[in-house]
Amino acid sequence: MIRPILIHPDPRLKKMCDPVTDITPEIRDLARDMLETMYDAPGVGLAGPQVGAMLRILTMDCSKDAETEPQPMVLLNPKITWASEDLSTYEEGCLSIPEQYAEVERPARVRARWLDLDGTEREQEFDGLWATCLQHEIDHLDGKLFIDYLGPLKRQMITRKMQKLKRERARDGA
Ligand code: K2U
Ligand code: ZN
């Protein structure tokens, strides 16, 4: 089912998440719900803490153009094992910080190691939007948001906008 996405500021979005120790039916349900929630948003990535699951789990599908087949990925306990020297800049957004965008510079290519849902260890190199998205999602598992890379004034302005949005949503019962 589609799960509600937490909106910044929220203490759960700043917490370090715990590793997944057992791949239980509940973890499979969570992964399925995260993919459904991600596609519905729509987004190209989603991390456990964004739906209140304080676990090191993320979903990704950056095959966003219509031509290519969807490529849903579920990564458990992901770890970056290598990052390129060269950087790329992307105007990032975040489903937990709606309608706010800012340029963030990150390594252009990364290698990552993780466990997939059937317990197999995987390792792969990512580039382009996949690399940016994976780093953005792993940041979420460490309680870090893309606005943490911005200057204090811009970060504060965005936080104030989100506090206003949450007040309005609470009033409208959204
Ligand atoms: O973690 C999230 O909030 C999901 C983001 C992931 C993301 C942010 C910046 C750059 C790449 C991925 C959502 O996918 S934001 C929506 C979006 C959609 C298409 C392209 C970029 C961002
Ligand atoms: Zn995000």
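Quick note: structure is the one above.
Calculation notes
- Throughout this description, residue numbers start from 1 for each chain and increase along the sequence as written.
- Key to labels: chains lettered from A, ligands numbered from 1, both in the order written.
- Only residues with pLDDT of at least 70 get local features here, since the model is predicted, and only at 80 or more are side-chain atom pairs given and counted; chain-wide, interface and lining totals rely on the full set of residues.
- Side-chain descriptors were evaluated using all non-hydrogen atoms of the structure, hydrogens and water having been removed beforehand.
- Water is not part of the atom set, so a site may look incomplete; the donors themselves are N, O and S atoms within 2.8 Å of the metal, or 3.2 Å for Na, K and Ca.
- Helix and strand assignments follow DSSP, with helices taken as H or I runs no shorter than four residues and strands as E runs no shorter than two, numbered in order from the N terminus.
- Accessible area is worked out with a 1.4 Å probe on protein chains only. A residue is then buried under 20% of its type maximum, exposed over 50%, and partly exposed in between.
- Helix span, expected: 1.5 Å multiplied by one less than the number of residues in the helix.
- Contacts between residues were defined by any pair of non-hydrogen atoms, one from each residue, lying within 4.5 Å.
- Near residues are defined by distance, with any heavy atom within 4 Å of the molecule or strand qualifying the residue.
- Think of a polar contact as two N or O atoms within 3.5 Å of one another; within protein, one of them needs to be a possible hydrogen donor and the other a possible acceptor, and neighboring residues in sequence only count if both atoms come from side chains.
- Shrake-Rupley sampling with a 1.4 Å probe provides the accessible areas, and residues are treated as covered by the protein chains on show and by no other component.
- For this classification, the nonpolar set comprises Ala, Val, Leu, Ile, Met, Phe, Trp, Tyr, Cys and Pro, the charged set comprises Asp, Glu, Lys and Arg, and every other residue, Gly included, is treated as polar.
- Take the buried Ala, Val, Leu, Ile, Met, Phe, Trp, Tyr and Cys residues and link them wherever side-chain atoms come within 4.5 Å; each set so joined is a nonpolar core.

## Points about the coordination of the zinc ion (ligand 2)
Working step 1: Every protein donor of the zinc ion (ligand 2) is listed here as Cys94 (SG), His136 (NE2) and His140 (NE2), and their distances to the metal cover 2.1 to 2.3 Å.
Working step 2: Written as a sequence motif, the donor residues of the zinc ion (ligand 2) are C-x41-H-x3-H. Of the two residues, His136 and His140 both sit in helix H2 (residues 128-141), 4 residues apart, roughly one turn of that helix.
Working step 3: Among the residues examined, His140 registers a relative accessible area of 1% and is labelled buried.

## Describing helix H1 (residues 25-40)
Working step 1: Look at H1: 22 Å from first C-alpha to last across 16 residues, which is about the 22 Å you get at 1.5 Å a residue.
Working step 2: Taken residue by residue, H1 has Ile27, Leu30, Ala31, Asp33, Met34, Leu35, Thr37 and Met38 as its buried positions.
Working step 3: Those residues of H1 that are buried are in contact with strand S1 (45-47), strand S2 (57-60) and strand S3 (73-83).

## Re the site of ligand 1
Working step 1: Surveying the vicinity of ligand 1 reveals 15 residues, the closest of which are Val44, Gly45, Gln50, Leu95 and Glu137.
Working step 2: With respect to ligand 1, the side chain of Glu137 contributes an N or O atom lying 2.8 Å from an oxygen atom.
Working step 3: For ligand 1, the accessible surface in isolation is 470 Å², of which the surrounding protein chains cover 86%.
Working step 4: Elements with a contribution of two residues or more to the shell around ligand 1: strand S4 (87-92) and H2.
Working step 5: The dominant element in the shell around ligand 1, judged by the number of residues it contributes, is H2, at 6 residues.
Working step 6: Of the residues contributing to the shell around ligand 1, the split by class is 6 nonpolar, 7 polar and 2 charged.

## Comments concerning the nonpolar core
Working step 1: Judged by nonpolar contacts, the single largest core of 17 residues is most densely connected at Leu58, Met60, Met73, Leu75, Phe126 and Leu134.
Working step 2: Residue assignment for this core shows that the elements contributing at least two residues are S2, S3, strand S6 (110-115) and H2.
Working step 3: Counting residues per element, this core draws most heavily on H2, at 7 residues.
Working step 4: Setting aside anything within four residues of it in sequence, one finds Met60 in contact with Met38, Val44, Gly45, Gln71, Pro72, Met73, Leu75, Phe126, Trp130, Cys133 and Leu134.
Working step 5: Val20, Ala31, Val51 and Ala53 belong to the second-largest nonpolar core, a separate cluster that totals 13 residues.

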